[in-house]
Every structure is written in structure tokens, then in C-alpha cells.
Amino acid sequence: MDTLSVDARHGHRRWWALAGFAAAVVVAAGIGGLGVSGTAQEYGGLARPSWAPPSSVFGPVWTVLYAMIALAGWLVWRRVGFGPALYVWTAQLVLNALWTPIFFGAGRYGLAFLDIVVLWALVGATVALFWRVSRPAALLLVPYWAWVTFAAALNLAVWRMN
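On a predicted model such as this, the values are computed, not experimentally measured, just so you know.

## Considerations on the overall build of the protein chain
Then step 1. Along its length, the protein chain carries six helices and zero strands.
Then step 2. By its C-alpha atoms, the protein chain is 65 × 30 × 20 Å across when sized along the principal axes.
Then step 3. Looking at the protein chain as a whole, 40% of its 162 residues qualify as buried.
Then step 4. Considering only residue pairs separated by 6 or more positions, the protein chain has 76% of its internal contacts joining residues 24 or more positions apart.
Then step 5. Looking at the protein chain as shown, the accessible area adds up to about 8800 Å², and 69% of this sits on carbon and sulfur atoms.
Then step 6. For the protein chain, the separation between the mean place of its 10 positive charges and that of its 4 negative charges on side chains is 9 Å.

Listed below in C-alpha cells is the structure:
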């Protein structure tokens, strides 16, 4: 077997892995939306702080963040495979997926706040673990961590106001 065909197979495997990471974040986003309809209307009906963004901001922001989350996971996988850093990445993605059904589906703002606080800690742990493996991957998660920080503050404010 020549080197070119081996390299080509490994190249295809890398791209399929990237597709897998993209699929994981799409599934997380999809789970977040399962059984939850009318979130924009519900959000609009909540008492919110003056600094709360309009509902139209969330979709574009999350689209970019999910792409960055997938790319970061893939970069780490390429360097070290599936290990502790990606287990924590997976755990934060699960909590991310659970937040919307808890907040909007169940209307449990306090429980959603607990979810997002643990999510925030797991995103921070993921950034730290990724930093040891791939600094670009860790840096890709910093905007996500910042957004989760903002979202946690918003969740707390909504919980207190409603």
C-alpha cells in the first residue's frame, strides 16, 4: 500500500470526525429545542432587565458559538483523541442541551440557573484542559464562556424578576 492512499484515508477520517463534532453540537441544539416551542414569545413575556437582548440575537449568536464549540472539540481530538478533555467537553454540551427545556419547557428558572452555573464551571474546566492540548481550541471556547457568563447573569435576573 502506498503512502498516498494511507494519508488520504487518514485525511478522510479527520473530516468525518469534524462532521461528527458538528453533529454533536447540532444534536445538543436540537435536544435543547425538543418539546419547546414559542420560546421567543415566552421570552418576550418575561420581566427582564433593561440590558436583556431581544430574542432575535440568540439564534445568530448560538449558531456561531456552536460552530466554534465543534471546531474546538475536533482540534483537541486531532491532537490527543478522546480523553479527559473531551469527556468534560461532552459533559458541558449535555448541560447546554438541558438548559432550554429546563428554562423554557419547564419554566424552572432557579433550576435552569443551577444548570448554567455548573455549565459555566464545566466550560471553564474545558478551556483549561484544552489549553494544555491546543491553545487555539481553548481560545475558540472563550467567547462561549463569556456568553454563558452573560446568560447566567440574565437567567438569575429573570429568575429574580419572575
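Here the narrative resumes.
## Structural notes on the packing of helix H5 (residues 109–133) against helix H6 (residues 135–161)
Then step 1. Running from amino to carboxyl end, H5 crosses H6 at an angle of 165°, the nearest separation of the two axes being 9 Å. The orientation of H5 with respect to H6, classified from their angle, is roughly antiparallel. Classified by chirality, the crossing of H6 by H5 is left-handed.
Then step 2. Per-class residue counts for the contact of H5 with H6 are 22 nonpolar, five polar and one charged.

## Some remarks on the packing of aromatic side chains
The geometry of two aromatic rings is summed up by the distance between their centres and the angle between their planes.
Then step 1. In total, this model carries 15 aromatic pairs according to the counting rule given.
Then step 2. A ring pair is formed by Trp 15 and Trp 74, whose centres lie 5.7 Å apart and whose planes are at 25°; its orientation type is stacked. With Trp 15 in helix H1 (residues 3–33) and Trp 74 in helix H3 (residues 58–80), this residue pair connects regions lying 59 residues apart in the sequence.
Then step 3. Here Trp 15 falls in the exposed class, since its relative accessible area comes to 55%.
Then step 4. Assessed through its relative accessible area of 6%, Trp 74 is described here as buried.
Then step 5. Relative to Tyr 66, the ring of Trp 62 has its centre 5.1 Å away and its plane inclined at 35°; by these criteria the two rings are tilted. Taken together, the positions of Trp 62 and Tyr 66, both in helix H3 and four residues apart, correspond to about one turn of that helix.
Then step 6. Taking the ring centre of Tyr 43 as reference, the NZ or CZ of Arg 48 above it sits at 4.5 Å.

Definitions and cut-offs
Residues numbered from 1 in each chain as written. Predicted model: local features only at pLDDT ≥ 70, side-chain atom pairs only at ≥ 80, totals over all residues. Heavy atoms only, no water. Helix = DSSP H or I, 4+ residues; strand = E, 2+ residues; numbered from the N terminus. Buried < 20%, exposed > 50% of the residue type's maximum accessible area, 1.4 Å probe, protein only. Contact = heavy atoms within 4.5 Å. Areas by Shrake-Rupley, 256 points an atom, 1.4 Å probe, with all protein chains shown as cover. Lys, Arg positive; Asp, Glu negative; His and termini not counted. Charge placed at Lys NZ, Arg CZ, Asp CG, Glu CD. Axes fitted to C-alpha atoms, helices over the stretch in contact; angles between N-to-C directions. Parallel < 35°, antiparallel > 145°, perpendicular 65-115°, else oblique. Left-handed = near helix turned anticlockwise from the far one by under 90°. Nonpolar A, V, L, I, M, F, W, Y, C, P; charged D, E, K, R; others polar. Phe/Tyr/Trp six-rings, centres within 6.5 Å; stacked < 30°, edge-to-face > 60°. Lys NZ or Arg CZ within 6 Å of the ring centre and 35° of its normal.

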